[in-house]
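# Survey of secondary and tertiary structure
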Amino acid sequence: MAKHLTRRQLLVGAGLSGLALHAPGLFAMHGNTQLPAPIRRAVPSTGERLPAIGMGTWITFNVGSDPYLIEQRTKVLKTFFDHGGSVVDCSPMYGSSADVLGRSLDALGARDQLFAATKIWTGDESATREQAESSRRKWGVERFDLLQVHNLLGWQGHLETLKAMKAAGEVRYLGITTSHGRRHGEFARIMETQPLDFVQLTYNVLDREAEARLLPLAQERGIAVIVNRPFQGGSLFRRFQSEPLPAWAGEAGVSTWAEFFLKFIVAHPAVTCAIPATSSVEHMQENMAAMYGELPDEQQRQRMVAYVRSL
């Protein structure tokens, strides 16, 4: 039967019983039942501990001004916060996502739960502050926790300005991003020479190029790592959700494919946070369950790689 289950059916059916085992009380969000302690990872430059599962907004929050879709995304964001989430990542590249986030945060009154991370994405290296201020107004935050140079566009000028902004207390952390495995050589050189707090990169059970240099370098340099595209933009589910989980999945703290993909990532010692994106409340619940319970050890992680390669 597992070969015909969708992601939603996995969550609603057998997945729920597994979540109850790994994170008792996870879905009892109203009343006196408290969440168990989430998996948190330290930011090396300060020791601040962040929840290991965050939220991306690429595509999913780019819904324009449609009231129904904004209300639905607000429910997704509420579910994220209710399950212990904090790190939300966006970019000016993502269309209306920042405006929608701002409206959702207004509706929820939840900015005190937020670790706000966005990006600088402009070829004009003199426009760093202007773009950061535009994003700040859209989000409705006093300042961003993290500003990142998106896909290294104009990184030299933007980083210099971000350093000055950090020194002035206008932003707490600074970083750079890449995705889809692009420009890893240049990315590594910047990591080696610049005082970065964070890097953001692509890493998942199939896209593992970052293991060769970037993840070890982050550990060596004391740089936090945010992982984007943990599901390959959803293609991992399309490829594997009709397949059964391995018989030993429970030993690795895994009861759904979402947990399989996310726990593989956050179990890597260099990873601080993974930022899956979703437009579904049910999928958000499933994603956030990966922040609780046991994590696979390195031997189990290698078994996970071997298993998906065998399918």
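So, a few notes on the structure that sits alongside this text. (Residues numbered from 1 in each chain as written. Predicted model: local features only at pLDDT ≥ 70, side-chain atom pairs only at ≥ 80, totals over all residues. Heavy atoms only, no water.)

### Some words on the packing of aromatic side chains
Scanning the model with the defined rule gives 16 aromatic pairs in all. Between F260 and F261, the aromatic rings sit 5.9 Å apart at their centres with planes inclined by 85°, giving edge-to-face as the arrangement. What makes F260 buried here is its relative accessible area of 1%. Look at F261 and you get buried, because its relative accessible area is 1%. (Phe/Tyr/Trp six-rings, centres within 6.5 Å; stacked < 30°, edge-to-face > 60°. Buried < 20%, exposed > 50% of the residue type's maximum accessible area, 1.4 Å probe, protein only.)

### Comments concerning the packing of helix 4 (residues 128-139) against helix 5 (residues 155-167)
Two elements in contact, helix 4 and helix 5, have axes whose closest approach is 9 Å; the angle formed by their N-to-C orientations is 65°. Here T128, R129 and A132 of helix 4 come into contact with helix 5, specifically with G157, H158, T161, L162, A164 and M165. For the contact of helix 4 with helix 5, the residue count by class is four nonpolar, four polar and one charged. (Axes fitted to C-alpha atoms, helices over the stretch in contact; angles between N-to-C directions. Helix = DSSP H or I, 4+ residues; strand = E, 2+ residues; numbered from the N terminus. Contact = heavy atoms within 4.5 Å. Nonpolar A, V, L, I, M, F, W, Y, C, P; charged D, E, K, R; others polar.)

### Some points on the nonpolar core
Among the nonpolar cores identified, the biggest contains 81 residues, and W139 and L201 are the most heavily contacted of them. Considering every element that reaches this core, the biggest residue donor is helix 9 (residues 257-266), with eight residues. Not counting residues within four places of it along the chain, the set of residues in contact with L201 comprises T178, F187, A210, L214, L215, V225, I226, V227 and N228. Membership of the second largest hydrophobic core comes to 12 residues, among which are V87, F198, A224 and C273. (Core = buried A, V, L, I, M, F, W, Y, C linked by side-chain atoms within 4.5 Å.)

### Some thoughts on the environment of F231
By the element assignment, F231 lies in the loop between strand 9 (224-228) and helix 8 (235-240). Residue classification places F231 among the buried positions, given a relative accessible area of 6%. Residues F231 and W257 lie 26 residues apart in sequence; the distance between their C-alpha atoms is 10.0 Å.

### Observations regarding the pattern of salt bridges
According to the stated counting rule, one finds 14 salt bridges in the structure shown. Residue E133 pairs with R136 through a salt bridge whose shortest N-O separation is 2.8 Å. Of the two residues, E133 and R136 both sit in helix 4, three residues apart, roughly one turn of that helix. By relative accessible area, which is 30% here, E133 ends up partly exposed. Judged by relative accessible area, which is 26%, R136 ranks as partly exposed. The network of salt bridges with shared partners includes E48, D145 and R172. (Salt bridge = Lys/Arg side-chain N within 4 Å of Asp/Glu carboxyl O.)

### Quick look at the side chain of T202
As for its placement among the helices and strands, T202 is situated in strand 8 (residues 198-202). Here the side chain of T202 touches H180 through a polar contact of 2.9 Å, landing on its backbone nitrogen. Of note is the side chain of T202, whose polar atom sits 2.5 Å from the side chain of N228. Not counting residues up to four positions away in its chain, the partners in contact with T202 are T178, S179, H180, G181, D207, A210, N228 and R229. (Polar contact = N/O pair within 3.5 Å; in protein donor to acceptor, adjacent residues only side chain to side chain.)

### Regarding unusual backbone geometry
Even without a glycine there, the phi angle at L152 is positive, about 65°. Tracing the backbone shows L152 in the loop between strand 6 (144-149) and helix 5. The buried category is assigned to L152, whose relative accessible area is 2%. Unusually for a residue other than glycine, R229 sits at a positive phi of about 50°. Turning to its location among the elements, R229 is positioned in the loop between strand 9 and helix 8. A residue is classified by how much of its surface remains accessible, and R229, at 21% relative accessible area, is partly exposed.

### Concerning helix 11 (residues 298-310)
With 13 residues, helix 11 should reach 18 Å at 1.5 Å per residue; the first-to-last C-alpha distance of 19 Å fits that figure. Considered for burial, the residues of helix 11 that qualify are Q300, R301, M304, V305, Y307 and V308. Considered in projection along helix 11, the buried side chains sweep an arc of 165° and stay on one side of the axis. Residues of helix 11 that are exposed and point more than 90 degrees away from the buried face comprise Q299, R309 and S310. For helix 11, the N-terminal cap is D297; the gap from its side-chain oxygen to the backbone nitrogen of Q299 is 3.2 Å. (Expected span 1.5 Å × (residues − 1). Arc of directions from axis to C-beta.)

### Re the pairing of strand 7 (residues 171-177)
The element strand 7 is largely enclosed, with a buried count of six among its seven residues. With five bridges connecting them, strand 6 and strand 7 associate as parallel partners. Counted as the bridge partner of Q148 is G175 from strand 7. Taking the sense of rotation as the criterion, the β-α-β connection linking strand 6, helix 5 and strand 7 turns out right-handed. Of the strand pairs in this sheet, strand 7 and strand 8 are connected by three bridges, and their pairing is parallel. The residue of strand 8 that forms the bridge with T177 is Q200. (Pairing = 2+ DSSP bridges. Right-handed = clockwise from strand over helix to strand, strands pointing away.)

The values are spatial; any link to function lies outside them.
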